[in-house]
Amino acid sequence: MTQPSGKTKSLSLVLAGSGGSGVITAGNMLLAAAAKAGWYGLMTRSAGPQIRGGEAAALLRLSSEPVSAQPDRYDLIIALDWQNVQRFSDEMPIDAETVIIGDVSAAKNTPEFVTEGPAQRGDIDFKTMSKAIKGGRPNMIALGTIAALIGLPDDALDAALVASLSKRGEEAIAASRAGVEAGRAIAAEMPATPSLPAPEGEKTGRWLISGNEAAGLGAIRGGVRFVAAYPITPATEILEWMSPALTKIGGVLVQAEDELASINMAIGGSYGGVPALTATSGPGLALMTEAIGLAVASEVPVVIVDVMRGGPSTGIPTKSEQSDLNMALYALPGDAPHIVVAPNSISDCIFTTQWSVHLAEALQTPAIVLSDQALGQAKSVIAAPADIAFFAQRETAVTPAEGEVYQRYADTGSGVSPMAVPGTPGCTYTADGLEHNPRGTPSGAATDHNIQLDKRQRKLDSYDYGQHWAEQEGEGDTVVLTWGSCTGPVREALEHLAGTDHKTRMISLRLLMPAPKEQLIKALEGAKRLIVVEQTHSGQFMGYLRTNIDLPRDVEHYCIPGPLPIRPGDIEALVKEGTPS
Amino acid sequence: MTAETATAPKHSPRDYKSDIKPVWCPGCGDYSVLGSITKAFSELNLDPENVAVISGIGCSSRIPAYTDCYGFHGVHGRSLPLATGLKVARPDMTVLVASGDGDGFSIGGNHFMHACRRNVDLTYVVMDNRVYGMTKGQASPTTEPDWDNALTPGGSGISPFRPLVIALAAGANFIARGFSGDQNGTARLLKEAIEHPGFSFVQILSPCVTFRPDQKEWKDEVHDAAVDPTDDLGRAARRLMTDDGFNTGVLYRGQREAYQPPIGEASASVSDLEGKFAL
Amino acid sequence: MSKLDINNKGEFLAHAHALEAEAAAQYADLAEQMDVHNNPEVADLFRKLAEIEGKHIGKIDDKAGGEAIPHIPPWEYKWEGGQSPEAPVEMEAHYMMTPHHALQMALKAEERAADFFQRIADHTTDDQVRALSAEMAEEEREHIQWLHEWLKKYPEPDQDWDEDMDPPMLQE
């Protein structure tokens, strides 16, 4: 029996099922429908290790306002079956208000966290109902039930359905519509969930995009036109999105035989004058470190996106963590200064990747972009990003005057020396990983080594990064220091704390190398309480901070490794009570 | 072409040499290979700024600095992907890749196979002296199994493989072998290799005077294969599998089309791409 | 040895020019190799030989009498051994070689050159070529004599001339 439900700003739900039940497709449709209706949303997926037929869950958070964090709890869980859903139980915090609906026929498989838990229960006979419809499928019925429970407008869901199924033909659309109808009808018999306020209609200027797509787009906006690709979870989608995109805008993607090849190809393409990129995850970045060092020594621009995943080694490929920080900063042989930046949201994947192309090209150096699985493989509704003026602007060399010899690695004041594009007469040079003199001839002399080491450091240190080194939000003398995908939950916690006695502000670092020490010290002025938040086991970010600035002894440290997301409630409790919830 | 009708090239071979003096041991075959390469460039009328010489690490890989073309002295074993990236991004450049038997066939082995398969228009010159010279004399993938050395005393005990057969099986479009003692003959092979589309592989037997003084005998062991370069895979396979390692000449000339995805031809704008995300 | 038919002046001069030019270049190259490998005595000797060959180029160009010497692709020269007969064989060099060895290299080169020109003279059907070639052959024989004289100052060294107590150096 339904009860009158309350309106809520944000609503979170899970749709789970296995063996080809299509819950991810249904989840995607739901997000697209919500977006069309004018809501915001964030969707992630969890799955078992099987390639097909495995247990899967679509986790959605829908809201009338932009959302960038996983929820503290779920309002609704619908399981088409209970096969192995226990696997996901850690990711679905529930309480007494949660409504859990399962398939009647699977009742005896209901996992413990449901049967022993506090949630309200309901059952729907998805299987029988779907059999009653020609071409009917349980996931469409569930979709209809969800739509009715949360107040999703009919036309938005229908539009999303048609868009998703149009390739399958009219019969598939008709069958799905019938399923949705049946699902709507049965919702009346379920416990009530909160619903979202009626959206004000389609808002313009919004996009539906994943973090990986955003990174790819940012790169292209920045001027990347050559990509070398080797697939790896969870970065492959960047490369797969970029491949046809590059062809359309006059660029090219080449598939490499391994990561050793992909990074070297990118460097070769860049040496030829074309801004270049590759994307990978932790294990791939480990293979690339030698060549990234080559790019540092030979001063060749290149962008490497690392979509971090659970480590160490093969780790947890489908989950997120921030534990490649040390490798990105310190894994290159020798003293090899370079750029490391990190996007702090799905939307920021566009800006930060675009900025990294500009930095790499302006400073003739590799730029590592530390994204992660939480951003990369999540889809979100975002405000359409502004056009920004960061794009590839490499300082190139011209044919020298008669009698002058081109000095590729000239010791300039800024540290940046003009880079000849192959084909330019009179400035032939050999780029080299060997230490060299200003002309580029290999040299082991002390003076030359010192000059070049200073040059490569100076060019990064003397560059003006502007205000983009960090995002700073909120007010208060409690400061949360964080980076990357932890920013979303911290930001949301700050919103909840804003009206309380625990006003808190956040500094989320975007530029990690060169370390923005002075800016950070200045930003920390007046802080009475400092909390560092990161998603690693060994506290890599804390180590980075202590290496670069003097931190007080009593800094609090919220340091949790993957695979579970950090939630706003944990941060809020930490600020208020000193321990996470 | 008769002596009267050939026009003098724009640049002499010397124009492709830089003023940096090579540090190879006197007696090293690589001096002659440099001569062959520059002669080939000269006869092809290439402008030095439109040529790139890409290498890995090793004695032979020092070669880019000794040329006055664009060059990249990369990391060990990775000359081929470096060159592939350059050529795909800049199809207008002539790209020559230089390597040795260690750099090219050991650490670079995987890239060797895939470069043959990918068939980008590159010319790959491997100066094969059956030893790791730069690191003072260890066995390489083409070293005889009983060659005594410090790292594997008494010899590695492992048979060498046949790089030309691997090249054929992996899809190389042009396969030749030269000998550094025949500078002009090798120059001709290189000219043909550069002209031939797709991936051209030229193994140049280039003796190491310091670690393999026994290779002085090579000048008596090499011989012109005196065959037509076949384009028949079966015939080539048989020829290369039964080859004694000293047949010189063009041994295989294939008809595969070079891999060169188009670059620079836009059919859409960045805002078109962005439009796909708009709600 | 076959294929030594050269029956026109232009082709002959092209060969003669390249024969000397490549020899000069090769001696200059060897001089640099000796510089880099800290063998100044032999470096100077090779430099001298390069200079001498350079002068020969001038004499050949004079014989062209203002006519352009045609260009021939390097592999179409009618000599065996892959390079100019008069050029020293670089692979016979050694970083510790002595003037004796250098002069031996030069001697063999001059002998090859003399033989080359003589065979042309013997087989050509062209009178001008025969005269020029015979002249060159004779000049080469003078050089051979002169090298023999020079060699008297540098007898064969002891057995251990190439003994280097230091092992090779690791570089990269």
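Scroll up to find the structure.
This text gives an overview of the structure that appears in the document. If you're wondering where the values come from, they're calculated on a predicted model, not measured in any experiment.

Rules of the game
Each chain carries its own residue numbering, running from 1 in the written order of its sequence. A letter from A marks each chain and a number from 1 marks each ligand, given out in the order of writing. Where local features are concerned, this predicted model is filtered to residues with pLDDT of at least 70; where side-chain atom pairs are given and counted, the filter is 80 or more; whole-chain, interface and lining totals use all residues. Calculation of side-chain values draws on the structure's entire complement of heavy atoms; hydrogens and water are dropped beforehand. In what follows, a contact means two residues having at least one pair of non-hydrogen atoms within 4.5 Å. Note on definitions: buried area is the accessible-area loss of two parts on being combined, 1.4 Å probe, summed for both. Any Lys or Arg side-chain nitrogen located within 4 Å of an Asp or Glu carboxyl oxygen qualifies as a salt bridge. Residues adjacent in sequence count toward polar contacts only when both atoms are side-chain atoms; beyond that, a polar contact is any pair of N or O atoms within 3.5 Å, and within protein one must be able to donate a hydrogen and the other to accept it. Any residue that is not Ala, Val, Leu, Ile, Met, Phe, Trp, Tyr, Cys, Pro, Asp, Glu, Lys or Arg is counted as polar, Gly included; the first ten are nonpolar and the last four charged. The helix count covers DSSP runs of H or I at least four residues long, the strand count covers runs of E at least two residues long, and both are numbered beginning at the N terminus. Note on classification: 1.4 Å probe, protein chains only; a residue is buried when its accessible area is under 20% of the maximum for its type, exposed when over 50%, partly exposed between these limits. Note on method: axes are straight lines fitted to C-alpha atoms, helices fitted across the in-contact stretch only, with angles between N-to-C directions ranging 0 to 180 degrees. Angles are sorted into four bins: roughly parallel if under 35 degrees, roughly antiparallel if over 145, roughly perpendicular if 65 to 115, and oblique for all others. Left-handed describes a crossing in which the near helix is turned anticlockwise from the far one by less than a right angle; the clockwise case is right-handed. We call Phe, Tyr and Trp rings a pair once their centres come within 6.5 Å, taking the six-membered ring for Trp, and we label the pair stacked below 30 degrees between planes, edge-to-face above 60, and tilted otherwise. Only Lys NZ and Arg CZ are tested; either one counts as a charge over a ring when it is within 6 Å of the ring centre and within 35 degrees of the ring normal. When DSSP locates at least two bridges between a pair of strands, those strands are taken to pair. If the strands point away from the viewer and the path from the first strand over the helix to the second runs clockwise, then the crossover is right-handed.

**Comments concerning the interface of chain C and chain B**
- Facing 33 residues of chain C, the contacting portion of chain B comprises 41 residues.
- Between chain C and chain B the total buried area reaches about 3000 Å² when both faces are included, carbon and sulfur atoms providing 59% of it.
- Per-residue buried area on chain C facing chain B is highest for C:Trp75, C:Met91 and C:Glu172; these three make up 29% of the total on that side.
- At the junction of chain C and chain B, the tally comes to one salt bridge.
- Between the two partners, chain C and chain B, sit seven residue pairs in polar contact (both at pLDDT 80 or more).
- A class-by-class count of the residues in the side of chain C that touches chain B yields 15 nonpolar, 10 polar and eight charged.

**Focus: the pattern of salt bridges**
Residue and element names in this part refer to chain A.
- All told, the structure shown has 46 salt bridges over all chains when counted by the stated rule.
- Ionic pairing is found between Glu 299 and Lys 455, a salt bridge with its closest N-O pair at 2.9 Å. Note that Glu 299 is positioned in the loop between helix H10 (282-298) and strand S11 (302-308) and Lys 455 in helix H14 (residues 446-461), a separation of 156 residues in sequence. By the burial criterion, Glu 299 is buried, and Lys 455 matches it.
- Glu 475 is the salt-bridge partner of Lys 503, the closest N and O atoms lying 3.7 Å from each other. Residue Lys 503 is located in the loop between helix H15 (487-497) and strand S18 (504-509), and its partner Glu 475 is located in the loop between strand S16 (470-474) and strand S17 (478-483); the two are separated by 28 residues in the primary sequence.
- By relative accessible area, Lys 503 is classed as partly exposed at 38%.
- A relative accessible area of 56% means that Glu 475 is categorised as exposed.

**Structural notes on the packing of helix H1 (residues 30-43) of chain B against helix H6 (residues 183-195) of chain B**
All names here are of chain B.
- Two numbers describe how H1 lies on H6: the axes approach to 8 Å, and their chain directions differ by 50°. Our classification of the angle between H1 and H6 gives oblique. Here the hand of the crossing between H1 and H6 comes out right-handed. Residue-level contacts link Ser 32, Gly 35, Ser 36, Ile 37, Lys 39, Ala 40, Phe 41 and Glu 43 of H1 to Gln 183, Asn 184, Thr 186, Ala 187, Leu 190, Lys 191 and Ile 194 of H6.
- Grouping the constituent residues of the contact of H1 with H6 by class yields six nonpolar, six polar and three charged.

**Quick notes on the packing of aromatic side chains**
All names here are of chain A.
- For the coordinates displayed, the defined rule picks out 31 aromatic pairs over all chains.
- On the basis of an interplanar angle of 25° and a centroid distance of 6.0 Å, the ring pair of Phe 351 and Trp 355 is categorised as stacked. Taken as a pair, Phe 351 and Trp 355 lie in helix H12 (residues 346-363) at a separation of four residues, close to a single helical turn. Residue Phe 351 shares its accessibility class with Trp 355, and that shared class is buried.
- One cation-aromatic arrangement involves Arg 206 over Tyr 40; the distance from NZ or CZ to the ring centre is 4.9 Å.

**Considerations on the packing of helix H4 (residues 109-118) of chain B against helix H5 (residues 163-170) of chain B**
Residues and elements named next belong to chain B.
- Closest axis-to-axis distance for the H4/H5 pair is 8 Å, and the angle between their directions is 45°. The orientation of H4 relative to H5 falls into the category oblique. Once H4 is placed against H5, the crossing between them reads as right-handed. Along the contact surface, H4 presents Phe 112, Met 113, Cys 116 and Arg 117, while H5 presents Pro 163, Ile 166, Ala 167 and Ala 170.
- Each residue belonging to the contact of H4 with H5 can be placed in one class, and the counts come to seven nonpolar, no polar and one charged.

**Focus on the interface of chain A and chain B**
- The partner chain B presents 46 residues to the 57 residues of chain A that form the contact.
- A buried area of about 4300 Å², summed over both sides, lies between chain A and chain B, and 64% of it is on carbon and sulfur atoms.
- Looking at the side of chain A facing chain B, the largest losses of area belong to A:Lys248, A:Glu257 and A:Thr428, adding up to 14% of the total buried there.
- Between B:Arg118 and A:Glu257 there is a salt bridge, with its nearest N and O atoms 2.6 Å apart.
- Put simply, chain A and chain B have 25 residue pairs in polar contact (both at pLDDT 80 or more) between them.
- Examined bridge by bridge, strand S15 (residues 430-432) of chain A and strand S2 (residues 70-73) of chain B share three bridges and lie parallel to one another. Bridged to A:Ala431 within S2(B) is B:Phe72.

**Remarks on the pairing of S11(A)**
Residues and elements named next belong to chain A.
- Within S11, seven of the seven residues are buried, which leaves it mostly tucked inside the rest of the structure.
- Judged by which residues are buried, S11 turns out to be covered on both faces: Val 302, Ile 304, Asp 306 and Met 308 on one side and Val 303, Val 305 and Val 307 on the other are all buried.
- In this structure, strand S10 (residues 276-280) lies alongside S11, joined through four bridges in parallel fashion. Its bridge partner lying in S11, Thr 280 is registered against Asp 306.
- Regarding the hand of the β-α-β motif, the stretch spanning S10, H10 and S11 is right-handed.

**A closer look at the sheet that holds strand S5 (residues 174-179) of chain B**
- Strand order across the open sheet formed by nine strands is S15(A)-S2(B)-S1(B)-S3(B)-S4(B)-S6(B)-S5(B)-S8(B)-S7(B), with mixed pairing between neighbours. Pairing within the sheet leaves two strands with one partner each, and these edge strands are S15 of chain A together with strand S7 (223-224) of chain B.
- Here S7(B) runs beside strand S8 (residues 247-253) of chain B; their pairing, made up of two bridges, is parallel. Counted as the bridge partner of B:His223 is B:Asn247 from S8(B).

**Thoughts on the sheet that holds strand S19 (residues 511-513) of chain A**
Residue and element names in this part refer to chain A.
- Reading across from one edge, S9-S8-S10-S11-S13-S12-S19 is the order of the seven strands in this open sheet, with mixed pairing throughout. Every other strand in the sheet has two partners, leaving strand S9 (252-255) and S19 as the edge strands with one partner each. Within the sheet, the average angular offset between the axes of one strand and its neighbour, ignoring direction, is 25°.
- Across three bridges, strand S12 (residues 339-341) lies against strand S13 (residues 366-372) in parallel orientation. If you follow Ile 339 over to S13, its bridge partner there is Ala 367.

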